[in-house]
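Architecture at a glance
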Amino acid sequence: MTDSPNTTPAQPLLIIDDDPTFARVLARALGSRGFEVITASNADEARAMTRRHHPRYCVLDLKLGEENGLRLIPELKALVPDIRVLLLTGYASIATAVEAIKRGAHDYLSKPVDADAVVRALLDGDNAPSEEDVIDAPEAPLALRRLEWEHIQRVLTECDGNISETARRLGMHRRTLQRKLSKHPVRERPEGGE
């Protein structure tokens, strides 16, 4: 049997996601691509698995139940300094991407994502994105709904994921904020694209 040219056998990879179905499907896909996959569904399990297995790679979900994956990045880096962390989220925003990179993530992808994109992001040499790579000035002004989404994400990041504090700072009811966060972000599509 020939190994994939992009991976070597049994590279330890930790998947941290509170969605068991997503974690299982991604684990199976990455396992078939040569990774030795371990999973955790919350921050405590992630810390324990990192201490025990010293994974080289980590796929981390931004939302871990009530916990914020951003907080976990520096802790994982402290336990395994050369770990490559890929942050996944269904709530993409520029502010979150910048914060993830600042905290030590090597890359950032929006869900849904396929296993090949995850592998490319994890194995993409040492070309970790810088803040300049993450922030691209749009050619056209952003839609008002998108600007609102970006602002909410920025304040949520400043509040370390605390919904109540974010709602207070934004001057809105907590339930209103939760409703806005439960919706998918407004997607900017290039002209002529899908």
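Use the structure listed above.
Throughout what follows, the structure given in this document is the object of discussion. Model, not experiment: these values are computed from the prediction. (Residues numbered from 1 in each chain as written. Predicted model: local features only at pLDDT ≥ 70, side-chain atom pairs only at ≥ 80, totals over all residues. Heavy atoms only, no water.)

Generally, phi is negative for residues other than glycine and the peptide bonds are trans, each holding for most cases. Positive phi, close to 45°, is recorded for H54, a residue that is not glycine. You can see H54 is positioned in the loop between α2 (43–53) and β3 (57–61). (Helix = DSSP H or I, 4+ residues; strand = E, 2+ residues; numbered from the N terminus.)

This next bit is on the side chain of T89. Here T89 is to be found in strand β6 (residues 84–89). Residues within four places of T89 in sequence aside, it is in contact with D61, L62, Y108, L109, S110 and K111. (Contact = heavy atoms within 4.5 Å.)

Two elements in contact, α2 and helix α3 (residues 69–79), have axes whose closest approach is 10 Å; the angle formed by their N-to-C orientations is 15°. Between α2 and α3, the crossing angle belongs to the class labelled roughly parallel. Crossing of α2 over α3 shows right-handed handedness. Contact residues: α2 offers A43, A46, R47, T50 and R51, while α3 offers L72, E75, L76 and L79. (Axes fitted to C-alpha atoms, helices over the stretch in contact; angles between N-to-C directions. Parallel < 35°, antiparallel > 145°, perpendicular 65-115°, else oblique. Left-handed = near helix turned anticlockwise from the far one by under 90°.)

Moving on, we come to the environment of P55. Within the secondary structure, P55 sits in the loop between α2 and β3. P55 gets classed as buried once you look at its relative accessible area, which sits at 0%. P55 sits 18 residues away from V37 along the chain, and the two C-alpha atoms are 9.0 Å apart. (Buried < 20%, exposed > 50% of the residue type's maximum accessible area, 1.4 Å probe, protein only.)

Along the chain, E99 falls in helix α4 (residues 94–102). A polar side-chain atom of E99 sits 2.8 Å from a polar atom in the side chain of R103. Leaving out residues up to four positions away in the same chain, E99 has contacts with L70 and T157. (Polar contact = N/O pair within 3.5 Å; in protein donor to acceptor, adjacent residues only side chain to side chain.)

On to a negative patch on the surface. Where like charges cluster on the molecular surface, the negative patch consists of D18, D19, E66 and E67. If you trace the backbone, D19 turns up in the loop between β1 (11–16) and α1 (20–31). (Patch = residues over 30% accessible without salt bridge, like charges linked within 9 Å, V, L, I, M, F, W, Y side chains within 5 Å. Areas by Shrake-Rupley, 256 points an atom, 1.4 Å probe, with all protein chains shown as cover. Salt bridge = Lys/Arg side-chain N within 4 Å of Asp/Glu carboxyl O. Lys, Arg positive; Asp, Glu negative; His and termini not counted. Charge placed at Lys NZ, Arg CZ, Asp CG, Glu CD.)

When two helices pack together, their arrangement is given by the angle between the helix axes and by the axis-to-axis distance. Relative orientation of the contacting elements helix α8 (residues 163–170) and helix α9 (residues 174–182) amounts to 105°, with a least axis distance of 9 Å. Between α8 and α9, the interaxial angle falls into the category roughly perpendicular. Residues I163, S164, T166, A167 and L170 of α8 pack against R174, L177, Q178 and L181 of α9. Grouping the amino acids of the contact of α8 with α9 by side-chain chemistry returns five nonpolar, three polar and one charged. (Nonpolar A, V, L, I, M, F, W, Y, C, P; charged D, E, K, R; others polar.)

Mapped onto the elements, R33 comes out in the loop between α1 and β2 (35–40). When the C-alpha positions of R33 and A115 are compared, they lie 8.8 Å apart, and in sequence the two are 82 residues distant. From its side chain, R33 meets the backbone oxygen of A29 in a polar contact 2.9 Å long.

Turning our eyes to something else, we now look at α2. A turn of α-helix holds 3.6 residues, and therefore any two residues three or four places apart point the same way. Taken together, the buried positions of α2 are occupied by A43, A46, R47 and T50. All buried residues of α2 fall inside an arc of 100° around its axis, so they share one side. Turned more than 90 degrees away from the buried face of α2, the exposed residues are D44 and R52. Elements in contact with the buried residues of α2: β1, β2, β4 (63–64), β5 (67–68) and α3. Structurally, the start of α2 carries an N-cap: the backbone nitrogen of D44 is 3.1 Å from a side-chain oxygen of N42. In the segment just after α2, H54 is the residue with positive phi, at about 45°. (Arc of directions from axis to C-beta.)

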